Amino acid sequence: MSAVLEGRGLRHAYGATPVLGGVDLALEPGEVVALLGPSGSGKSTLLHLLAGLLRPDAGEVWLAGERFDPLSERRRSDLRLRQMGFVFQLGDLVPELTIAENVELPLRLTGVRATSARAQALAMLDRLGVSEHAHKRVSEVSGGQAQRGAVARALVHRPPVVLADEPTGSLDTTTGELVLEALVDAATAQGTAVLLVTHELRVAAWAHRDVLLRDGSVLGGAGSGVAVAATAVGA
Ligand code: ADP
């Protein structure tokens, strides 16, 4: 099966400080991959490279069969909007909008009509178990409910890829587990690949496999548990 998102030999330095020394990472359709690594190991840098928000010093990024990294900013933005979803820590929903209006955004921005966008947003919120909060503003719902809204917004346009950066980092453990379960279930059901960036082993446990970023390159990746085991023993 061909990868939906792939980084090949990615290198990146900030000034004279090398961060990534040739990273290979491929996401297959529908798989959930945890990207583990201690703080400062380059997880966010890799995420930004894969999202086309940063250009690599060397290496290539491929998105849905197309070389992505050398494209113009405009083309990368357009592909990012259509082919990717993002979940961050709490706080990235637009507070002036309702949860449903937030979820409609990726659809409306790509030309989907209002009635269809609303129906798709409500269906996704229902799937994530928060349909009763659809018409509330962000300030009127709990952190976990808002984060389900963020997950719904990331998935609603059925992108091939979702990049999730510490998506439960601001939630308590129980709420975080429920949000992760909802994310993994909904993404897997529609064949969306998820890159789950985290420094927490319990978050990585939700992934189908895990990779560990260490000293500028990736360990593991062949099968589940390699990176978790390496992290657990402090390798
Ligand atoms: P992580 O997400 O794993 O915590 P980052 O990718 O944020 O790691 O950072 C990797 C390294 O690059 C760190 O040493 C960090 O200080 C450095 N770094 C990150 N962003 C910048 C930047 N914009 N300018 C200079 N150094 C940066």
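Details of the structure are given in the entry above.
These numbers come from a predicted model, not from an experiment.

**Things to note about unusual backbone geometry**
Okay, step 1: Positive phi, close to 50 degrees, is recorded for Ala64, a residue that is not glycine.
Okay, step 2: Turning to its location among the elements, Ala64 is positioned in the loop between strand 4 (58–63) and strand 5 (66–67).
Okay, step 3: Judged by its relative accessible area of 41%, Ala64 is partly exposed.
Okay, step 4: Positive phi values are uncommon outside glycine, yet Arg158 reaches one of about 50 degrees.

**Overview of the pattern of salt bridges**
Okay, step 1: Taken as a whole and assessed by the stated rule, the structure comprises 13 salt bridges.
Okay, step 2: Between Arg75 and Asp78 there is a salt bridge; the shortest N-O distance is 3.6 Å. Of this pair, Arg75 and Asp78 both sit in helix 2 (residues 73–83), three residues apart, which is roughly one turn of that helix.
Okay, step 3: Assessed through its relative accessible area of 27%, Asp78 is described here as partly exposed.
Okay, step 4: One connected set of salt bridges, linked through shared partners, spans Glu6, Arg8, Glu60, Arg67 and Asp69.

**Let's talk about the sheet that holds strand 5**
In sheet architecture, strand pairing relies on hydrogen bonds along the backbone and comes in two forms, parallel and antiparallel.
Okay, step 1: Taken in spatial order, the four strands of this open sheet run 2-1-4-5, and their pairing is antiparallel. Where the open sheet ends on each side, the last strands, each with one partner, are strand 2 (17–27) and strand 5.
Okay, step 2: Relative to strand 2, strand 1 (residues 5–14) runs antiparallel, the two being bridged by eight bridges. Counted as the bridge partner of His12 is Leu20 from strand 2.

**Topic: helix 2**
Okay, step 1: Among the residues of helix 2, Arg76, Leu79 and Arg80 are the ones counted as buried. All buried residues of helix 2 lie within an arc of 105 degrees about the axis, which places them on one face of the element.
Okay, step 2: Elements in contact with the buried residues of helix 2: strand 4, strand 5 and strand 6 (84–87).

Calculation notes
Residues numbered from 1 in each chain as written. Predicted model: local features only at pLDDT ≥ 70, side-chain atom pairs only at ≥ 80, totals over all residues. Heavy atoms only, no water. Helix = DSSP H or I, 4+ residues; strand = E, 2+ residues; numbered from the N terminus. Buried < 20%, exposed > 50% of the residue type's maximum accessible area, 1.4 Å probe, protein only. Salt bridge = Lys/Arg side-chain N within 4 Å of Asp/Glu carboxyl O. Pairing = 2+ DSSP bridges. Arc of directions from axis to C-beta. Contact = heavy atoms within 4.5 Å.

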